[in-house]
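Topology and contacts: notes
Spelled out, the chains give:
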Amino acid sequence: MSSSSSKSAGVITCRAAVAWGPGQPLLLEEVEVDPPSAMEIRIKVVCTSLCRSDVTQWQSQAQPDLFPRIFGHEASGIVESVGEGVTEFQAGDHVLTVFIGECQSCKHCESGKSNMCQKLGLERRGVMHSDQKTRFRVKGKPVYHYCAVSSFSEYTVVHSGCAVKISPDVRMERACLLSCGVAAGIGAAWKVADISKGSTVVIFGLGTVGLSVAQAAKSRGASRIIGVDINPEKYEKGKVFGVTEYINPEECKEPVQQVIKQITDGGADYSFECIGDTNIVSTALQSCCDGWGMTVTLGVPKTKTEISTHYAFLLTGRTLKGSLFGGWRPKSDLPSLVEKYSKGEIQLDELVTHDIPFESINEAFNLMKEGSCLRCVIHMPK
Ligand code: COD
Ligand code: ZN
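Definitions and limits used
- Residues numbered from 1 in each chain as written.
- Chains lettered and ligands numbered in written order.
- Predicted model: local features only at pLDDT ≥ 70, side-chain atom pairs only at ≥ 80, totals over all residues.
- Heavy atoms only, no water.
- Helix = DSSP H or I, 4+ residues; strand = E, 2+ residues; numbered from the N terminus.
- Rg over C-alpha atoms; globule rule 2.2 N^0.38 Å.
- Buried < 20%, exposed > 50% of the residue type's maximum accessible area, 1.4 Å probe, protein only.
- Contact = heavy atoms within 4.5 Å.
- Donors = N, O, S within 2.8 Å, 3.2 Å for Na, K, Ca; no water.
- Tetrahedral: all angles 85-135°; square planar, octahedral: opposite > 155°, others 65-115°.
- Pairing = 2+ DSSP bridges.
- Axes fitted to C-alpha atoms, helices over the stretch in contact; angles between N-to-C directions.
- Domains from an automatic or database assignment.
- Buried area = accessible area lost by both parts, 1.4 Å probe.
- Nonpolar A, V, L, I, M, F, W, Y, C, P; charged D, E, K, R; others polar.
- Polar contact = N/O pair within 3.5 Å; in protein donor to acceptor, adjacent residues only side chain to side chain.
- Near = heavy atom within 4 Å.
- Areas by Shrake-Rupley, 256 points an atom, 1.4 Å probe, with all protein chains shown as cover.

1. Some words on the overall build of the protein chain
Across its full length, the protein chain holds eleven helices and 18 strands. The globule rule puts the C-alpha radius of gyration for 382 residues at 21 Å, and the 21 Å found for the protein chain is close to it. For the C-alpha atoms alone, the extent of the protein chain along its principal axes is close to 70 × 40 × 35 Å. When the 382 residues of the protein chain are sorted by exposure, 57% land in the buried category. Pairs at least 24 apart in sequence give 69% of the contacts found in the protein chain among residues at least 6 apart.

Shown next as structure tokens:
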């Protein structure tokens, strides 16, 4: 346990990075963390990486009532204690947190076709799934959660369905990337699109998510992986993950979809939206070919939430497919991704541009706002 935390009557007092309002710098505050309720576990967070959606939600003015709030959802940690009824975990287990759970008993979990768990789906109201309450307090006030994970705290409570056990041999300071963005990118390519050998792939946005699509497309034997990004610095990094060609839409004389159609003889086999801009969905759809072209969306929209496109793009046989967390069911599927990382079959280390101590967490937010990082891994005190 860290020197700054203490235990009493089941409540742990420790430090958390608290956001007091949209876009306001996080303050390291002393918070109280409740013991885990039934079917929940309390975790000592070891490492947590900053995901674009933490920043998007922190900046958003859409839910001003959900402050003070603790963000963070890409995390690795060690189980500190378990609530009533938990048999899957025990204190000392190493885990990854996940922002969509798998209850393994609802219609979707039982279908084997979906990761849209009806009980532990994406939590947007800043509370725990089971009782719509929070497990944190600061200065006597409840602190809202984010995605029912809230990993920017030395300790956090999650539902046992929102954590996945990993081997103690796995590097916690890198495996946390598989909690969200990297797994989402790999799943979109392997599970949702199911890219076949020799395919032509276009990726809009070469952040961590887009680069994860690229590495997964490369491993499937895609013949061309075209990266589209307004930041020219992304091409060098892209090459490391298999990007074979780069297009900067701001330097194109024609709309980027026209350029792509020209260089691919009528459009790519697959395109992926990894920017979080709903306007790009139509661009991506127009960049893939008639007949079998497929566009997969991964981005969580930053502003406008509606999409619009000409119906002709569907009439001509293209498919528009949505995805969340790459279609992975966390408990059923994530362990095999962790194993692939351990065997060197998935690149994570190359996506980490900064290792940052917890005290400097605002630096990670600044780097992501400026677009000058891929993943920043935040290290909690030992
Ligand atoms: N044209 C081309 N490229 C652009 C444009 C544009 N108009 N605008 C921005 N870009 C580039 C940026 O230069 C950057 O390189 C890239 O797009 C975006 O990358 P990042 O680093 O900002 O973000 P990522 O890669 O971490 O991914 C962010 C998504 C926007 C895809 C985000 O929605 C996400 O993480 N989605 C997948 C994970 C998920 O399912 N999350 C749900 C709950 S957390
Ligand atoms: Zn995320």
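2. Looking at the coordination of the zinc ion (ligand 2)
Distances from the zinc ion (ligand 2) to its protein donors, Cys 51 (SG), His 73 (NE2) and Cys 180 (SG), fall within 1.9 to 2.4 Å. Around the zinc ion (ligand 2) sit four donor atoms, and with donor-metal-donor angles ranging over 85 to 120° the site reads as tetrahedral. Coordination of the zinc ion (ligand 2) draws on donor residues from a single chain, spaced C-x21-H-x106-C in sequence. Linking Cys 51 in the loop between β4 (40-49) and α1 (52-59) with His 73 in the loop between α1 and β5 (74-82), this pair joins segments that are 22 residues apart in sequence. Residue class for Cys 51 comes out buried when judged on its relative accessible area of 6%.

3. Some words on the sheet that holds strand β11 (residues 200-204)
The strand order across the open sheet formed by six strands is β13-β12-β11-β14-β15-β16, and the pairing between neighbours is parallel. Each having just a single partner strand, β13 (245-247) and β16 (319-322) make up the two edges of the open sheet. The average undirected angle you get between the axes of adjacent strands in this sheet is 20°. Along the sheet, helix α4 (residues 181-192) contacts β14 (270-273), β15 (294-297) and β16; its crossing angle with β15, the most-contacted strand, is approximately 145°. In the packing of helix α5 (residues 208-219) onto the sheet, contacts are made with β11, β12 (224-228) and β14, and the angle to β11 comes to roughly 170°.

4. Considering the domain arrangement of the protein chain
A common way to express how large an interface is: the accessible area buried when the components associate. With domains assigned, the protein chain is organised as domain 1 (12-179 + 348-379) and domain 2 (182-326). Using only C-alpha atoms to locate each centre, domain 1 and domain 2 end up separated by 29 Å. Contacts between the two partners involve 18 residues from domain 1, matched on the other side by 17 residues from domain 2. When the two sides are added together, the surface that domain 1 and domain 2 hide from each other amounts to roughly 1,400 Å², 70% of it contributed by carbon and sulfur. Of the residues assigned to the side of domain 1 that touches domain 2, the class counts are eleven nonpolar, four polar and three charged.

5. Points about the side chain of Thr 97
If you trace the backbone, Thr 97 turns up in strand β6 (residues 94-97). For Thr 97, a relative accessible area of 2% translates into the label buried. There is a polar contact of 3.3 Å between the side chain of Thr 97 and the backbone oxygen of His 73. Not counting chain neighbours up to four residues away, the residues in contact with Thr 97 comprise Ile 43, His 73, Glu 74, Ala 75, Val 149, Val 158, Cys 162, Ala 163 and Ser 179.

6. As for the site of ligand 1
Neighbouring residues of ligand 1: 26 residues in total, closest Arg 52, Ser 53, Val 209, Asp 229 and Val 300. Taking Arg 52, its side chain carries an N or O atom lying 2.9 Å from an oxygen atom of ligand 1. Between Lys 234 and ligand 1, the recorded distance is 3.1 Å, taken from a side-chain N or O atom to an oxygen atom. For ligand 1, whose free accessible area comes to 920 Å², the fraction covered by protein is 89%. At the level of secondary structure, the elements contributing two or more residues to the shell around ligand 1 comprise α1 and α5. Along the lines of polarity and charge, the residues of the shell around ligand 1 split into 14 nonpolar, eight polar and four charged. A domain-level breakdown of the shell around ligand 1 finds at least three residues from each of domain 1 (12-179 + 348-379) and domain 2 (182-326).

7. Considering the environment of Ala 217
Tracing the backbone shows Ala 217 in helix α5. Residue class for Ala 217 comes out buried when judged on its relative accessible area of 0%. Sequence separation of Ala 217 and Val 281 is 64 residues, and the distance between their C-alpha atoms is 19 Å. For Ala 217, the contacting residues outside a window of four places in its chain are Ala 189, Ile 195, Val 201, Ala 222 and Ile 225.

8. A few points about unusual backbone geometry
Cis geometry marks the peptide bond from Phe 67 to Pro 68, where omega comes out at -5°. By the element assignment, Pro 68 lies in the loop between α1 and β5. Unusually for a residue other than glycine, Gln 104 sits at a positive phi of about 70°. Relative to the helices and strands, Gln 104 is located in the loop between β6 and α2 (107-111). Judged by relative accessible area, which is 46%, Gln 104 ranks as partly exposed. The backbone phi angle of Gln 132 is positive, close to 60°, even though this residue is not glycine.

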